Amino acid sequence: MCSGIGSRKFQASGSAAELVERYDRWILAMQEALSILPDERLGESAQLDPRFHPSLDNEPMTIRDALLHAIEHCAIHQGHLELTRQLLGYAPAGAE
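Residues numbered from 1 in each chain as written. Predicted model: local features only at pLDDT ≥ 70, side-chain atom pairs only at ≥ 80, totals over all residues. Heavy atoms only, no water.

**Points about the overall build of the chain**
Then, in step 1: What the chain contains, in helices and strands, is two helices and two strands.
Then, in step 2: Starting at the N terminus and walking to the C terminus, you meet the elements of the chain as β-β-α-α.
Then, in step 3: For the chain, the residues scored as buried account for 5% of the 96 residues in total.
Then, in step 4: Accessible surface computed for the chain: about 8400 Å², of which carbon and sulfur atoms make up 61%. (Helix = DSSP H or I, 4+ residues; strand = E, 2+ residues; numbered from the N terminus. Buried < 20%, exposed > 50% of the residue type's maximum accessible area, 1.4 Å probe, protein only. Areas by Shrake-Rupley, 256 points an atom, 1.4 Å probe, with all protein chains shown as cover.)

So, in structure tokens, the structure goes:
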């Protein structure tokens, strides 16, 4: 489980197997949610948590923009994980 918002640190808890299991459940839930999202809704304004500030301007964000931002954010974290893995002396994921 990850916790934290804003300036607080996020901290994962649980074993590696538990984290993988939660991640797999999250991926399945996202796939299900996206599979029923009609394309016509992607241009609608996203209803965001007021604490969330995805950009420096005050322009409203569309659902498409919010999804792309989430993908970009996950990619950044994936890069952090890969770099940490390599700094610890492990081969890049998939290279084993």
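**A few points about a nonpolar patch on the surface**
Then, in step 1: On the surface, Y23, W26, M30 and L34 cluster together into a nonpolar patch covering about 410 Å² of accessible area.
Then, in step 2: Among the structural elements, Y23 can be located in helix α1 (residues 16-35). (Patch = residues over 30% accessible without salt bridge, like charges linked within 9 Å, V, L, I, M, F, W, Y side chains within 5 Å. Salt bridge = Lys/Arg side-chain N within 4 Å of Asp/Glu carboxyl O.)

**Re the pattern of salt bridges**
Then, in step 1: One pass over the structure, following the stated rule, counts two salt bridges.
Then, in step 2: A salt bridge links E21 to R25; the nearest nitrogen and oxygen atoms lie 3.0 Å apart. Of the two residues, E21 and R25 both sit in helix α1, four residues apart, roughly one turn of that helix.
Then, in step 3: A relative accessible area of 47% places E21 in the partly exposed class.

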